[in-house]
Amino acid sequence: MVIAQVGGRRGTMTKMVNHGSGRVRLEFSIPTRGLIGFRSQFLTDTRGTGIMNHLFHGWQPWFGPIPARATGALVADRAGASTAYAIYNLQERGEILHRPRHAGLRGLHRRENAGRTTSTST
């Protein structure tokens, strides 16, 4: 999973060492712009068990465009209970994280979004 994420950010693996203890050390060369936003994705992919370090290696030619984030989250913009009507119209955009009439607060994470990051009103 991590290798695919780094590859999508124009990184190349330079070294892989399996110590036999259940952990694998991976070293990559990746453009600095490929690291923007990567730490949170890395921690999600490794379920918080990954350790990441980065050092500047040198200047390299441009490797091409880096794709934007594929998923986001829909977040409530005000407090209140969600209605079934609102959830019904939003369910095609991604996975709903709670049920109708769920009392929520402003800024509460409502659901995963399969497209770009947007906000919803409940």
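Everything discussed here concerns the structure shown above.
Just so we're clear, the structure is a prediction, and the values are computed from it rather than from any experiment.

Caption draft 1: The overall build of the chain, seen in detail. Along the chain, the regular secondary structure elements total 4 helices and 7 strands. Put simply, the chain runs from its N terminus to its C terminus through helices and strands in the order α-β-β-α-α-β-β-α-β-β-β. The burial tally for the chain puts 21% of its 122 residues in the buried class. In the chain, once contacts between residues fewer than 6 apart in sequence are set aside, the share between residues at least 24 apart is 52%. Working note: accessible area of the chain is about 9,300 Å², and carbon and sulfur atoms make up 56% of it.

Caption draft 2: Looking closely at the pattern of salt bridges. Within the structure shown, the criterion is met by 1 salt bridge. Of the charged contacts, one joins Arg25 and Glu27 as a salt bridge, the two residues approaching to 3.0 Å between their closest N and O atoms.

Caption draft 3: Representation of the nonpolar core in the model. The biggest cluster of nonpolar side chains holds 5 residues, and these are Val2, Val6, Phe38, Phe42 and Met52. Where this core is concerned, the elements lending two or more residues are helix H1 (2–8) and helix H3 (38–45). The residues contacting Phe42, other than those within four sequence positions of it, are Val2, Gly50, Ile51 and Met52.

Caption draft 4: The packing of aromatic side chains, seen in detail. Under the counting rule described, the total for this entry stands at 2 aromatic pairs. Centre to centre, the rings of Phe38 and Phe42 are 5.8 Å apart; their planes meet at 40°, and the pair counts as tilted. With Phe38 and Phe42 both in helix H3 and 4 residues apart, the pair spans about one turn of that helix. The exposure class assigned to Phe42 is buried, which follows from its relative accessible area of 10%. Judged by centre distance (5.3 Å) and plane angle (70°), the ring pair of Phe56 and Trp59 falls under edge-to-face. Grouping residues by exposure puts Phe56 and Trp59 together as exposed.

Caption draft 5: Representation of a nonpolar patch on the surface. Where nonpolar side chains cluster on the molecular surface, the patch consists of Ile3, Met13, Met16 and Val24 and spans about 360 Å² of accessible area. Note that Met16 resides in strand E1 (residues 12–18). A relative accessible area of 54% means that Met16 is categorised as exposed.

Caption draft 6: Representation of the pairing of strand E2 (residues 24–29). Summarising the sheet, E1 and E2 pair through 6 bridges and their orientation is antiparallel. Counterpart to Met13 in the pairing with E2 is Phe28. Here E1 folds back onto E2, and the loop between the two strands holds 5 residues, one of which, Gly20, carries a positive phi near 80°.

Caption draft 7: A look at the side chain of Arg9. Among the structural elements, Arg9 can be located in the loop between H1 and E1. Polar side-chain contacts of Arg9 include one of 2.9 Å to the backbone oxygen of Gly34. Those residues within four positions of Arg9 in sequence are excluded, and the remaining contacts are Ile30, Pro31, Gly34, Leu35, Ile36, Gly37, Phe38 and Ile66.

Caption draft 8: Structural context of the side chain of Thr46. As for its position among the elements, Thr46 is in the loop between H3 and strand E3 (72–76). When its relative accessible area of 17% is taken as the criterion, Thr46 is described as buried. For Thr46, the side chain forms a polar contact with the main-chain oxygen of Phe42, separated by 2.9 Å.

Calculation rules
- Residues numbered from 1 in each chain as written.
- Predicted model: local features only at pLDDT ≥ 70, side-chain atom pairs only at ≥ 80, totals over all residues.
- Heavy atoms only, no water.
- Helix = DSSP H or I, 4+ residues; strand = E, 2+ residues; numbered from the N terminus.
- Buried < 20%, exposed > 50% of the residue type's maximum accessible area, 1.4 Å probe, protein only.
- Contact = heavy atoms within 4.5 Å.
- Areas by Shrake-Rupley, 256 points an atom, 1.4 Å probe, with all protein chains shown as cover.
- Salt bridge = Lys/Arg side-chain N within 4 Å of Asp/Glu carboxyl O.
- Core = buried A, V, L, I, M, F, W, Y, C linked by side-chain atoms within 4.5 Å.
- Phe/Tyr/Trp six-rings, centres within 6.5 Å; stacked < 30°, edge-to-face > 60°.
- Patch = residues over 30% accessible without salt bridge, like charges linked within 9 Å, V, L, I, M, F, W, Y side chains within 5 Å.
- Pairing = 2+ DSSP bridges.
- Polar contact = N/O pair within 3.5 Å; in protein donor to acceptor, adjacent residues only side chain to side chain.

From the geometry alone we can't say anything about function, so treat these as descriptive.
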